[in-house]
Each structure stands twice: as structure tokens, then as C-alpha cells.
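# What the coordinates show
What follows is each chain in one-letter form.
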Amino acid sequence: MKMRMFTARFEIPRTFYTKLVLLATLLLFCAVQSIDAQQKLSKRYPVSKNVRIELKNISGTITVESWNRDEIKLTALLDSPKANLSPRQTSEALIVDVMADNRGRDVGDVNFKLQVPANSSVDLETMRGQITVSNIRGGLVRAHVTSEGDIELIGIGAQTVSAQNNIGNIFYDGEICRGGTYRFQSSKGEITINIPADSAFNLEAAASNKKIALGQFWNDGIKSFGEGRKVVGDVGDGRARMFVMNFQGSITFRRR
Amino acid sequence: MNCEKCQDLISDLIDGSLSQRDQSTLNSHLEECLDCGSVRSDLQSLVGFCHTQRGQHDAPPNEKTLWLRIRNVIESEARSVAAASVPAGRGSWTNWLSRSWELSFPQLAASAAAIVLIVSLSTAVGLRRWQSGGTVSAPSREGMTLSASAANVRSRVSQQQQSIAYWNQRVEFNKARWNPQMRETFDRNLKVIDEAVNDSLDTLSRSPHDEVSEEMLNTALNEKLSLLREFAQL
């Protein structure tokens with residue numbers, strides 16, 4: 001009787017382990033297939049310190065961060081093996097145009113990661129997908145999402161900054177340079193501007209739903225129009241210019 | 001024959017164009033009627049004088065001076081009539097406008113150059129204003145810098161709608177190639193922009209001179225155009 005019971009208890013785990021091993025093998029196979037389907041491209045480009053990077057994507061994320069080297073490292077994960085990617089390097093710029101390289105073809109997502117010198121100018125566009133730029137201090141930082149995707153610009157010190165999307169949040173954390181131009185625009189999303197307390201700029205901000213919160217940057221010189229849908233005025237001595245517009249979301253200023 | 005008929009025919013009688021019969025009837029009436037006889041005598045003497053003085057007239061002693069005098073009299077009378085009809089304070093302006101200008105060639109050339117310069121400058125300024133109408137206005141220290149004319153808004157919207165219709169066609173043509181995810185993304189984003197456009201149009205229909213809504217509408221239409229244009233390139 002005891003022997004029977006022992007046999008019965010042994011056979012149940014054996015079946016279970018067999019199934020587990022089969023499942024693990026299947027999962028491993030699927031993972032390998034997935035890695036094979038997603039192509040990875042990685043390339044380095046020696047450049048000068050003040051290089052310009054132009055990237056035009058169709059769909060996918062773009063991440064740009066600075067590093068302490070005079071070269072650009074471009075890494076791209078391509079969903080589709082049919083996708084073409086032909087970066088062009090000139091004396092002043094590195095140009096990647098997924099749109100032009102794949103016109104009229106469905107190439108799925110292409111996710112980019114770029115490591116660039118801190119003084120680079122970056123001009124990034126995508127039809128759809130998130131854009132993140134961090135610690136760039138060149139002349140220009142431009143992030144444009146035609147349809148939907150969040151934009152995060154962190155640790156920026158550029159003279160000209162432009163962030164625009166249709167659906168998605170925009171977060172700017174950086175300096176306001178003297179004489180610079182800063183433009184943020186969204187149709188549906190939250191715009192948050194995180195800047196130093198002593199920032200000086202001429203502001204023109206408009207939000208259809210009147211959700212404009214200037215926080216400590218509000219002063220008596222700022223005038224309100226259209227029953228609070230638009231504010232115009234100088235913060236500090238107005239050395240830079242800032243335009244912010246949001247159709248269905250809020251605009252919030254915060255002290256850095 | 002009565003007197004009226006007789007006096008009608010006297011002129012023909014003097015000219016000798018009457019028939020023999022009419023002539024004898026008329027003469028018999030003239031012999032009996034003294035009034036008609038005196039009319040014939042007067043007319044005969046006038047016709048006779050004209051025949052004898054034909055082609056001759058007395059010329060004035062200085063014809064040119066006479067015409068100048070007549071012209072001066074007419075002009076002075078016309079000026080006095082005009083001064084009487086124009087209200088005080090506007091006479092000099094009317095005179096300045098109505099006076100005749102006699103310019104030398106260099107004066108004429110300088111005037112033409114000045115007119116060309118003014119027209120060019122005003123055209124350039126007009127064009128710049130018109131071009132700036134399609135973009136977000138730059139901030140001004142005084143506040144808003146937007147057109148207040150509702151007619152301008154309607155005209156701009158109409159122009160934008162034509163471009164939008166064109167790019168919409170292009171998008172519809174290419175849409176079949178997109179994957180379902182991209183189609184959904186496009187539709188969702190177009191809906192958001194259309195909501196922004198309609199919100200602004202609603203506000204403008206309630207208050208046509210609302211400058212903030214005008215600016216929002218302008219930007220939303222530009223955004224719609226931009227979205228269509230970029231998706232049409234896919």
C-alpha cells in the first residue's frame with residue numbers, strides 16, 4: 001500500500017517537469033525568433049564638437065544623450081528587415097532620413113538611440129513616437145512629433161529650443177539662454193516647463209481651457225487676454241522669447 | 001386763301017419756286033391784304049440785303065486780344081462761381097486739385113519716380129502683412145498683434161480649407177498602403193485637431209472679434225495642414 005502511494009506521488013511531478021521543460025524550450029525558441037526578426041544597427045561617426053544631427057523617423061522612439069567623446073554612436077533597432085537605413089555624414093552634420101530612405105513602404109518601428117557630443121545641435125522629427133533628449137548644450141534642440149508621442153527635454157542649455165507634438169505631453173527642463181527662442185506647442189497634452197528661478201524672457205502663452213499656471217514667474221506686468229486664455233508679458237528683463245500654446249491641455253511653469 | 005397759308009408761301013414766292021397757279025392765287029391775296037403785303041416787303045428786303053452782303057464781315061481790330069479777353073472773363077466768372085459753392089477751408093485744396101499743371105521733363109520724371117517708389121513701398125508693406133497673416137504672430141510689447149476683421153478670418157479659413165481639401169485627397173489616395181495602426185493614429189490625431197478648429201470657430205461665431213480664438217484657429221488650421229501634408233508623404 002505504501003509502495004503504491006509512493007509511485008503515484010512520483011509520477012505526477014515527472015509529467016509536470018516534462019511539460020515545464022517543453023514550455024521553456026518553446027519560449028526560448030520564440031525569443032530567438034523575435035531577436036532574429038528585429039535587426040540591430042550600430043555605427044560610430046567621428047565628428048567635431050559642434051556637429052548637427054538631423055534625424056527624420058516615421059515611427060518609433062528617439063533617444064539622444066550626450067557623452068564626453070568627439071564621435072556619434074548611432075544605434076537603431078529595426079522592426080522590419082525590409083527597412084532601409086542610410087545615414088549620410090557631411091562635414092557639419094549627420095543626417096538620417098528614414099522617411100526618404102523608405103518612401104511608400106511600411107517599415108514598422110525604428111527605435112533610435114544616439115550618443116552625441118554635448119555641444120551638438122539636434123533636429124529630430126518623427127511621425128509617431130516618443131522623443132527624449134538629455135544634457136545637450138548646443139545651438140539648437142528641436143523635437144517635432146507630427147502625431148502622437150511624448151517629448152522630454154532634460155538638462156538642456158540651447159539657444160533655440162522647439163518642442164511640438166499633437167497628442168502627448170511635453171516636458172522641458174533646462175536653462176533659458178539670453179536672447180534665445182523657446183517654442184512649445186501641443187494640441188492635447190500637458191506642457192510643463194521647469195526652468196531656473198532667475199530666468200528672464202518675454203512670454204506669450206495661450207491655452208483654450210485657460211489652464212495656464214505661471215507659479216512664481218507671474219508678475220504684475222503680465223497681461224491676460226481672452227478671459228485668461230492668453231497671457232503676454234515679461235518675466236525678468238525679457239531677454240529671451242518664449243511661445244507656448246496648448247489647445248486641450250495645461251501649461252505649467254515650475255522653478256527648477 | 002387765308003393769311004396763314006399765304007405767309008407760309010411768301011418765302012417760296014420770293015425764291016420763285018411756286019407753280020404758276022399758286023403764284024397767281026397768292027398775288028391776288030397780297031393785293032387785297034395789307035398785312036401779308038408788308039410781310040412780303042420785309043422778307044424781300046432781308047433776302048435782298050443778305051444777297052448783297054454775302055461773304056463780307058468786319059473783322060475786329062486785334063482778334064487775338066479779343067479772344068484772350070473773352071477767356072479771362074469766362075475763367076474769372078467760373079472761379080467766382082466755384083468759390084461760392086465750396087465750403088470755407090476747402091477752397092485751396094479744390095483749387096490745388098483743379099488747377100492745371102505744367103511740368104518740365106525733369107519735374108515730370110521726378111514725379112513719376114516718386115509715385116513708383118510710394119507704390120513699391122506700400123506693396124511691400126502690404127505683402128509682408130499678408131504673409132504674416134498665415135503664421136503665429138510674434139509677441140509684441142503692446143499685447144496682441146492680430147487682425148480684427150471677421151471678413152479676413154473667413155477669407156483665410158476659406159483659403160486654408162482649399163489647401164486642406166487638396167492634401168486630404170492625397171492622404172485618402174495613400175491611406176490604403178498604411179498599416180491599420182498608422183490609419184488609427186492618423187484618424188485619432190485629425191479628430192483632435194478638428195476639435196480645436198471647431199472650438200475656435202464656435203467662439204468666433206459668438207464673438208467675431210475674439211483675437212485669441214482667431215489666433216488659435218489660425219494655428220489649428222496650420223497644424224491640420226501640416227498633419228495632412230506629412231501623412232500624405234508616407
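Here's a quick rundown of the structure. (Residues numbered from 1 in each chain as written. Chains lettered and ligands numbered in written order. Predicted model: local features only at pLDDT ≥ 70, side-chain atom pairs only at ≥ 80, totals over all residues.)

## What about the overall build of chain B?
The number of helices and strands found in chain B is nine helices and zero strands. Taken from N to C terminus, the helices and strands of chain B fall in the order α-α-α-α-α-α-α-α-α. When burial is assessed residue by residue, chain B has 15% of its 234 residues classed as buried. Sequence-distant contacts, at least 24 apart, represent 62% of the contacts inside chain B between residues at least 6 apart. (Helix = DSSP H or I, 4+ residues; strand = E, 2+ residues; numbered from the N terminus. Buried ≥ 20, exposed ≤ 12 C-beta atoms within 10 Å, placed from the backbone. Contact = placed C-beta atoms within 7 Å.)

## Describing the sheet that holds strand S9 (residues 131-134) of chain A
Pairing in this open sheet of ten strands is mixed, and the strands run S1-S4-S7-S3-S9-S11-S13-S15-S21-S17 (chain A) from one edge to the other. Both edges of this open sheet fall to strand S1 (39-46) and strand S17 (212-213) of chain A, since each of them pairs with a single strand only. (Pairing = 2+ DSSP bridges.)

## Some thoughts on unusual backbone geometry
Residue and element names in this part refer to chain A. Phi is positive for Lys210, close to 65 degrees, though the residue is something other than glycine. Following the sequence through the fold, Lys210 ends up in the loop between strand S16 (201-207) and S17. Even without glycine at this site, Glu227 takes up a positive phi of about 55 degrees. If you trace the backbone, Glu227 turns up in the loop between strand S18 (223-225) and strand S19 (230-235).

## Re the sheet that holds strand S5 (residues 88-89) of chain A
Pairing is mixed across the open sheet formed by eleven strands, whose spatial order is S5-S6-S2-S8-S10-S12-S14-S20-S16-S19-S18 (chain A). Looking at the sheet topology across the chains shown, the edges are occupied by S5 and S18 of chain A. Summarising the sheet, strand S14 (residues 181-186) of chain A and strand S20 (residues 240-246) of chain A pair through six bridges and their orientation is parallel. Looking at the pairing, Arg183 of chain A lines up with Phe243 of chain A of S20 of chain A. Packing of helix H9 (residues 211-232) of chain B onto the sheet brings it into contact with strand S8 (121-128), S16, S18, S19 and S20 of chain A, and relative to S16 of chain A it is tilted by some 80 degrees. (Axes fitted to C-alpha atoms, helices over the stretch in contact; angles between N-to-C directions.)

## A word on the interface of chain A and chain B
Each partner contributes residues to the interface: chain A has 27 residues there, and chain B has 24 residues. Elements that contribute at least two residues to the side of chain A that touches chain B include exactly S8, S16, S18, S19 and S20 of chain A. Here the residues of the side of chain A that touches chain B sort into nine nonpolar, nine polar and nine charged. (Nonpolar A, V, L, I, M, F, W, Y, C, P; charged D, E, K, R; others polar.)

## Examining the pairing of strand S3 (residues 62-67) of chain A
All names here are of chain A. The alternating pattern of S3 places Ile62, Val64 and Ser66 on a buried face, while none of Thr63, Glu65 and Trp67, on the opposite face, is buried. Note: S3 against strand S7 (residues 110-117), six bridges, orientation parallel. Note that in S7 the partner of Trp67 across the bridge is Pro117. Pairing analysis gives four bridges linking S3 to S9, with the strands arranged parallel. Bridged to Glu65 within S9 is Ser134.

## Remarks on the pairing of strand S13 (residues 170-174) of chain A
Residues and elements named next belong to chain A. Of the two faces of S13, the one lined by Ile170, Tyr172 and Gly174 is fully buried and the one lined by Phe171 and Asp173 carries no buried residue. Note that strand S11 (residues 151-156) and S13 share five bridges and pair parallel. Note that in S13 the partner of Ile151 across the bridge is Ile170. Alignment of S13 against strand S15 (residues 191-195), held across four bridges, turns out to be parallel. Its bridge partner being in S15, Asp173 is matched across the sheet by Asn194.

From the geometry alone we can't say anything about function, so treat these as descriptive.
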